[in-house]
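These are the residues of each chain, in order.
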Amino acid sequence: MSHYSRLIAEVYSDNHHWVDLVFNAAPMHDIGKIGVSEIILNKEGALTEEEFESIKQHPCIGEKLCSPLKSLNPIWQILQHHHERYDGKGYPDGINGEDIPAEARVIAIADSFDAMSSDRPYRDKLSMDNVIRELDAGKDSQWDEKAVTCLIQLINDGIY
């Protein structure tokens, strides 16, 4: 996931410091899941509404863990917002569009790509054609269109 985040960030921006920030934040994006039951995290099949509410707490848990550490100051907001959606239907804060930090938007698309292109306890990985269809369908609703375009460019160039 960190590798995907870096590659997308390198296409998204030519600012090397910014790309490094994305790369450094990416491996910590789900650190808040340490506060979520392993039974829920490893569950096969659909989550109940209550289980999903528990999962939705992990960005806030990650932010609480990292915000006191001054060295992680640029990262905690990325952790908190990596499940926001471009249309505002994400969590935990329901922010949208450009209000979502660009770093979080890049990590969100890398995380989604990793989820779609990998086997999971609850489903098999998707074909790359289906991944691209899902990405196209989610442009400007679930994900930042620029981040999706960067990822699809990388896929079409054979980077993945």
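Read on for an overview of the structure. Computed from a predicted structure; not experimentally measured.

### Notes on a nonpolar patch on the surface
Part 1: Taken together, the side chains of Ile 31, Ile 34 and Leu 65 define a hydrophobic patch exposed on the protein surface, amounting to about 270 Å² of accessible area.
Part 2: With respect to the element layout, Leu 65 can be found in helix α5 (residues 58-66).

### Side note on the layout of surface pockets
Part 1: The computed volume of the largest pocket comes to approximately 950 Å³.
Part 2: Every residue lining the largest pocket is counted, 30 residues in all, and those nearest its centre are His 83, Tyr 91, Asp 111, Ala 115 and Tyr 122.
Part 3: Within the residue set of the lining of the largest pocket, elements represented by two or more residues are α3 (38-41), α4 (49-55) and α7 (102-116).
Part 4: A total of 5 residues in the lining of the largest pocket trace back to one element, the largest contributor, which is α7.
Part 5: Here the residues of the lining of the largest pocket sort into 12 nonpolar, 8 polar and 10 charged.

### Quick notes on the packing of helix α8 (residues 128-138) against helix α9 (residues 145-156)
Part 1: The N-to-C vectors of α8 and α9 enclose an angle of 160°; their axes lie 10 Å apart at closest approach. The angle between α8 and α9 places the two elements in the roughly antiparallel class. Judged by the sense of rotation from one axis to the other, the crossing of α8 with α9 is left-handed. Taking contact as the criterion, the partners of Met 128, Ile 132, Leu 135 and Asp 136 in α8 are, on α9, Val 148, Leu 151, Ile 152, Ile 155 and Asn 156.

### Concerning the pattern of salt bridges
Part 1: Per the counting criterion, the structure on display carries 10 salt bridges.
Part 2: Arg 6 serves as the salt-bridge partner of Asp 20, at 3.4 Å between the closest nitrogen and oxygen. Placement of the pair is Asp 20 in helix α2 (residues 16-25) and Arg 6 in helix α1 (residues 2-12), with a sequence separation of 14 residues.
Part 3: Overall, Asp 20 belongs to the partly exposed group, its relative accessible area being 34%.
Part 4: With a shortest N-O distance of 3.2 Å, Glu 53 and Lys 56 are connected by a salt bridge.
Part 5: Salt bridges here are not isolated pairs; linked through shared partners, they connect Arg 6, Glu 10 and Asp 20.

### With respect to unusual backbone geometry
Part 1: Pro 92 follows Tyr 91 through a cis peptide bond whose omega is 10°.
Part 2: The residue Pro 92 is located in the loop between α6 (73-81) and α7 in this model.
Part 3: The backbone of Asp 140 shows a phi angle near 65°, a positive value even though the residue is not glycine.
Part 4: Judged by its relative accessible area of 40%, Asp 140 is partly exposed.

Rules behind the numbers
- Residues numbered from 1 in each chain as written.
- Predicted model: local features only at pLDDT ≥ 70, side-chain atom pairs only at ≥ 80, totals over all residues.
- Heavy atoms only, no water.
- Patch = residues over 30% accessible without salt bridge, like charges linked within 9 Å, V, L, I, M, F, W, Y side chains within 5 Å.
- Areas by Shrake-Rupley, 256 points an atom, 1.4 Å probe, with all protein chains shown as cover.
- Salt bridge = Lys/Arg side-chain N within 4 Å of Asp/Glu carboxyl O.
- Helix = DSSP H or I, 4+ residues; strand = E, 2+ residues; numbered from the N terminus.
- 1 Å grid on protein atoms, 1.4 Å probe; cavity = no way out; pocket = protein on both sides within 12 Å on 5 of 7 lines; lining within 4 Å.
- Points joined across faces, edges and corners; volume = space filled by probe spheres on them.
- Nonpolar A, V, L, I, M, F, W, Y, C, P; charged D, E, K, R; others polar.
- Axes fitted to C-alpha atoms, helices over the stretch in contact; angles between N-to-C directions.
- Parallel < 35°, antiparallel > 145°, perpendicular 65-115°, else oblique.
- Left-handed = near helix turned anticlockwise from the far one by under 90°.
- Contact = heavy atoms within 4.5 Å.
- Buried < 20%, exposed > 50% of the residue type's maximum accessible area, 1.4 Å probe, protein only.

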